[in-house]
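# Descriptive analysis of the structure
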Amino acid sequence: METQSKFSYYPGCSVEGMNKAYDKSARVVCDALKVDLAELNDWNCCGASAYMSIRELRAHLISARNLALAEKERKDLVVVCPACLNTLTKTNHYMAENPQLKKTIGTALKAADLQYFGSVKVRHLLEVIVNDVGENEIKARIKNSLKDLKVAPYYGCQLTRPFGEVDDPEFPTMLDNLLTWIGAKPVNYPLKAKCCGGMLMMTKEDVGLSLTKNLLECAKENGAECIATICPLCHMNLECYQDNVNKHFGTDYHIPVLYFTQLIGLAFGFSRKSLGIDDELTPSKPLLEKHLEVIR
Amino acid sequence: MTEKIGVYVCHCGTNIARTVDCKSVAEYASHLPNVAIARDYQYTCSDPGQEMIRKDIRELGLTRVVVASCSPLMHESTFRRTVSSAGVNPFLFQMANIREQCSWITNDRELATERAKAIVTGAVTRVNYNEPLEVKKVPVNPDVLVVGGGITGIEAALQIADSGRKVWLVEKEPTIGGYMARFDKTFPTLDCAACILTPKMVSVGQHQNIELLSYSDVIGFSGYVGNFTAKIRRRPRYVDEEKCNGCGLCEEKCPLKAPSEFDSGLGKRKAIYRPFPQAVPGTPVIDKEHCLYFTKGACRVCEKFCPKGAIDFEQKERVMEIPVGTAIIATGFDLFDAGKIKEYGYGRLPNVITSLEFERLTHASGPTAGKILMKNGKPPETVAIIHCVGSRDHNYNEYCSRVCCMYSLKTAHLVHEKTEAKVYEFYIDMRAFGKGYEEFYKRLLEEDVAFVRGRVAEITDVAQIPSEKGKLVVVAEDTLLGMVRRIPVDMVVLSVGLQPRNDALDVAHTFSISRSRDGFFLEKHPKLAPVSTAADGIFVAGACQGPKDIPDSVAQGGAAAANVLSLIDRKEVELEPSIAIIDEDACSGCKICPSLCPYHAIEFDEKKQVAVLTAAVCKGCGVCVAACPSGAIEQQNFTNRQLLAEVEAVSA
Amino acid sequence: MTNPKIAFNWAASCGGCEIAVLELGTKLVELKDKIDIVFWPVALDFKYSDLEAMPDKNIDVTFFNGAIQNSENEHLAHLFREKSKLLVAFGACATMGGIPALANTKSKQQIFNSSYKETPSTDNPQGIFPQPKFIVPEGELTIPEFYNTVRTLDQVVDVDYYVPGCPPVGPQIGKVVETILSGNLPPKGAVLGASDKSLCHECKLEKTDRKISKLVRTYETIPDPKRCLLEQGIVCMGPATRGGCGAICLDAVSPCRGCYGPLPNVIDQGAKMLSALASLFDADSEEDIQRLADGVVDPIGTFYRFGLARSLLRRTKE
Amino acid sequence: MQGKFEPKIVGFLCRWCAYTGADLAGTSRMKYPPNVNPVRVNCTGRIDPTLVLKALQNGADGVLIGGCHPGDCHYTNGNMKTLRRFKLLQNMLNQFGIEKERVRLEWVSASEGERYARTVESMTEEIRKLGPLNWKRMVEVIA
């Protein structure tokens, strides 16, 4: 089949380091779905949500450079990290609505022989897979239906906020649908768009932990066997900090946390290794083996 | 030209004089061609002011008059009367607005005076070309159309009918009564809605002067003040209103149950039904969507049992045309769709209900026979009532829905009265503006309802502490304590706001009236003409003009009735004088104008090969005048010469 | 008794109006005994000096065709006004500026540039433009000064009657001449040789559905010879143009260009046609309306093809 | 007016919406440049393009046409006919070299005094920047 859609892929710094698995699985799945993700040539830091609030203009410049690069390639920009999505989209919006800013950034970009007219759309991979690829294409590729795998669909706070363009800001359903397409069972997960603790883990750990705990608890109570994430930071908080949560609250959570791309990959029959599974701190192996057996 | 023009520059106290040098404007005007006298005066609209004009007309033989003062919308008619009482045709008077659009908009005296001079020049130049006009009069058809059978429409219809006039009352639903019929108690007096409403409904049903057309809607409305024609579609009930005696046997025997709209889907009704026992008319209606005969082709049980043979499956939709002289629009409101606010969980969390659903719960003849119960059939131990749902909110409706504060208090009171439950009210501001309202608020404070000042952020069923398990947690910032509170409750009542009906735009088009920015129908003047509209002979009343409680709606119903009656008793109305006139000799028969007239006032006379205009139908928009490439159409009082003269004067 | 003295003159125009006089045909022969022609550039040889030599009001009627685009045109306008009892603006150019007045969409400089520099056929390396005065050994040469703005005859001198048309059609010319010779003259300023109703009045095409859903230019379509061209999306100036020509263009299923000028009650022919045309647009959304409006590719050339000098705005802004 | 150029704007206002809106602006004492000479008509549908051209030719620096919002026309759709004429007129004026800022069509409802005030404000400023139109003088330069 012909390549469906061509995009510039913006991995972002977070998947370069400890979230390699996200990047890995994303590429594998997109390749299978004929979504052409050509890594954006010479991309740089998105400007990062934190920097925005300290040196706004510079943050915009940094992020605008990526947009300019993408525009040069005449493709829309696909990101996997909602924070990048947020920052890049913000710059996009601000430049469109504030001619003065656009001018300033324009002159800055010129210094690097770049220019940005504002034609690039910044999109999250989840939304691309759900809206552009769609149900049929995905179902057509299922090899192992994840039958009965009860998953808590976790969106985090940044995919739909503040713009709410792709899904309902308070109660998104996109990931829920995707999960049903690959045969999993999304459980009722009222906290699906609530805060995971974010950076607080570094600054005010106890608060961060309590927020993460809420998420884990809610998932467990609704019978989830694992949590599906779309955000590297959420992933880290939920996954790596489970032990700290248990220590801190005397709880005993062992809920595997998987990227939605990994779940799709499994359903498509890719090996755990190729999807970067089994590197996680809260092992998903037992659960998955149980399931994949069920399927065999 | 031998015209003698009198110019009067009004100070309007200091309203104009503060920023406009009226003396110099008058002095300037006195040098304009054909101006015989130019004076400035304190209050030209005062009796002595008007007398001054009459005196000048008599003594100086003025032939035309210009008054430079406020907006013509304010005093044009006043001064037209003044001059005509002194024998000058009212249309030889011209008004120059140097207040609303001149003196009030700037503090720059120099500029304002300049502008005033220009505006006056415009009026003076124009008045030279004004032509005397006779205002035509046509009789007013005394029959009245009332659209909407809620409390407002009922009030209006009864008032008019009692005065001996005929009323056509059109209601969309199978019964009149509107929202009020679905309420339990009414604030602040807590008398039961049914007890005060049903008698009125009955008298509507029985009134000899009221022709009640339920289950019908107005699909067309044409003509002009005093002489409208309403086109009304009567949807088939499949029950003959003449024959039916309302015994209710058909309802009893009907095998099929469907969710009851009247009970907001909380209860059930049959496929042939009356929305509620006291419905007016008492004739049931067959719901085609559910009726077994219509869906499966078999059953007709109702037909078998009906002692009067009133069931008629063959009934067809009918369209009737009714001539009326005036119309009152009282189409009411829609409730805000609480499902839009996802974080409140309406539709997802079973015990989050709307205030209207609560009304049905607490209503003696409602689905729970008046018991306030949760979905699991148990009475709640704690209830939260949330104000301003969809109102005063940038994302939904920015306006205040006016009634929610008070009905929320009533809700609180009823919960308090009927259950042991602890009640929390989450409000932004408490608005108790009406008679007896503040007192009612006090009373509730004493009934130890817990008032939390703050807009609710979310309602969740996710517990964070054991005590929240199995509860609905209401999260809100208590702006008085300055802290975020999580209050676990069993039931949440959303006090949803009021908004324009979903068909408001169509109604506006049908009656060619305008809407204000929030989508409610626009009144002629917010203070001085609250129930009139820009369209003569068409009035609005009740919540279709903006959120209103029952007292205000009833008051407006009465006000609209009074307006209509005074129109009827005038017996005849004056026709728009500034209509188009076609000069048949100049018309080349290019057939461009007939297709443009929004009122089909222009027809093409194939024999004479010219366009002909029906004066009474023309409303004077002037579209044809501007379009006529032969310059064969003129608009009275807005002739090309008049407008050109004015434009030349003000642009020079 | 002496025959009335008649003069024709030819200013800024193609001269077609004078040729049109020949359309009188045999009538011309009859006329020749009834009138003395004292000036007629296209047919007979006269010199301006003959004219200047005449006593004032010596000519009974002058049929002046052409607009005023240079000092010579203006000089002659004044000269003929002095020498004639009646001065008739003859044809579209004299009455409304005509085709020459389309020059008012350009400045004198732009026109010179294109005629003496930019046109591919021009070889003018030093970029020399015509000079009103030029010294040669033999002395000073002069040519008329070219004006920046074209004017109608009555914008320069007082005019008694107007005969519209590009050119006025033969039969009408005959009528005009007769009326004037008959001696019982219409009120000053009257338009002669034209109807007081629009072309639609004499056009035979059927008017059925007065709507315009798209506009086409004549070369883009083969119109139905029975139906009103407007309804077929072809801009026809007929509705805003005086009849009298017999709708000859429409007989050839070619749209009216408006050469007979505005109707009696109309100040600005183009504005009226614009208003009528746009009113018929069958569109209510901003975009659709814009699309239709853009269908009139050259508004000035469409609505003022013959009348720009007589229009309210008269010319474009530089 | 210390030599400062004060644009002269002719405002054709429909009686039901724009004119009433303009009155409201005054009644609510909103301040805006007094540069508009209002000419009241029943409906913008009455505005013959001839009037607009006349104003511009005769010395106005700009023309404002104020009507009801689409769908709100007191005469059902007079404003739509205005919009149709306006678009075509704009195209033509553009060809005449008259900047589009000088001739504007604005929807102003009876309740939008603020909108009217702001419209006049911005229009006045834009035209102030463009400078006087002075059409008559421009035309009279013959040679």
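See the structure printed just above.
All of the points below concern the structure found in this document. All values derive from a computational prediction rather than experimental measurement. (Residues numbered from 1 in each chain as written. Chains lettered and ligands numbered in written order. Predicted model: local features only at pLDDT ≥ 70, side-chain atom pairs only at ≥ 80, totals over all residues. Heavy atoms only, no water.)

## Thoughts on the overall build of chain A
Scanning chain A for helices and strands turns up 13 helices and eight strands. Of all 296 residues assigned to chain A, the portion counted as buried reaches 54%. Counting contacts in chain A only where the partners sit at least 6 residues apart, residues at least 24 apart contribute 77% of the total. With the model as given, the accessible surface of chain A reaches about 12800 Å², and the carbon-plus-sulfur share is 53%. (Helix = DSSP H or I, 4+ residues; strand = E, 2+ residues; numbered from the N terminus. Buried < 20%, exposed > 50% of the residue type's maximum accessible area, 1.4 Å probe, protein only. Contact = heavy atoms within 4.5 Å. Areas by Shrake-Rupley, 256 points an atom, 1.4 Å probe, with all protein chains shown as cover.)

## Brief notes about the overall build of chain D
Per the secondary structure count, chain D includes five helices and four strands. Secondary structure elements in chain D, listed N-terminal to C-terminal, are β-α-β-α-β-α-β-α-α. At a minimum sequence separation of 6, the contacts of chain D that also span at least 24 residues come to 80%. With an accessible surface of roughly 4300 Å², chain D has 53% of that area assigned to carbon and sulfur atoms.

## Focus: unusual backbone geometry
All names here are of chain B. Here the residue pair Val 280 and Pro 281 is connected by a cis peptide bond, since its omega of 0° sits within 30 degrees of zero. Turning to its location among the elements, Pro 281 is positioned in the loop between strand 15 (272-273) and strand 16 (285-286). We note that Tyr 238 has phi near 65°; this positive angle belongs to a residue other than glycine. By relative accessible area, Tyr 238 is classed as buried at 6%.

## Regarding the state of the cysteines
Applying the stated criterion across every chain yields a total of two disulfides over all chains. Paired through a disulfide, B:Cys192 and B:Cys195 show a sulfur-sulfur distance of 1.8 Å. Here B:Cys192 and B:Cys195 share a disulfide; its torsion about the S-S bond, 105°, makes the bridge right-handed. Residue classification places B:Cys192 among the buried residues on the basis of a relative accessible area of 19%. Through a disulfide, D:Cys17 is tied to D:Cys68; the S-S separation comes to 2.3 Å. Disulfide D:Cys17-D:Cys68: torsion about the S-S bond near 100°, hence right-handed. Of the two residues, D:Cys17 sits in the loop between strand 1 (9-14) and helix 1 (18-27) while D:Cys68 sits in the loop between strand 3 (62-67) and helix 3 (78-96), which places them 51 residues apart along the sequence. Under the relative-accessibility criterion, D:Cys68 is labelled buried at 4%. Free of any disulfide, B:Cys587 has its nearest cysteine sulfur in B:Cys593, 6.2 Å distant. Taking relative accessible area as the criterion, B:Cys587 reaches 9% and is therefore assigned buried. (Disulfide = S-S within 2.5 Å.)

## Description of the sheet that holds strand 18 (residues 326-329) of chain B
All names here are of chain B. With respect to topology, five strands assemble into an open sheet ordered 10-7-6-18-29, the strand pairing being parallel. Pairing within the sheet leaves two strands with one partner each, and these edge strands are strand 10 (210-213) and strand 29 (538-540). The average undirected angle you get between the axes of adjacent strands in this sheet is 20°. Sheet topology places strand 6 (residues 144-147) next to strand 7 (residues 167-170); four bridges connect them, and they run parallel. Each residue of the ladder has a partner; that of Val 146, found in strand 7, is Leu 169. Those strands touched by helix 5 (residues 151-162) are strand 6, strand 7, strand 10 and strand 18, and its axis lies near 165° from that of strand 7. (Pairing = 2+ DSSP bridges. Axes fitted to C-alpha atoms, helices over the stretch in contact; angles between N-to-C directions.)

## Considerations on the interface of chain D and chain B
Of the residues lining the interface, 52 residues belong to chain D; the matching set on chain B comes to 52 residues. Roughly 4600 Å² of surface becomes buried between chain D and chain B when both sides are summed, with 55% attributable to carbon and sulfur atoms. For the side of chain D that touches chain B, the secondary-structure elements that each account for two or more residues are strand 1, helix 1, strand 2 (36-41), helix 2 (49-58) and helix 3 of chain D. Per-class residue counts for the side of chain D that touches chain B are 23 nonpolar, 15 polar and 14 charged. (Buried area = accessible area lost by both parts, 1.4 Å probe. Nonpolar A, V, L, I, M, F, W, Y, C, P; charged D, E, K, R; others polar.)

Purely geometric numbers; function is a separate question.
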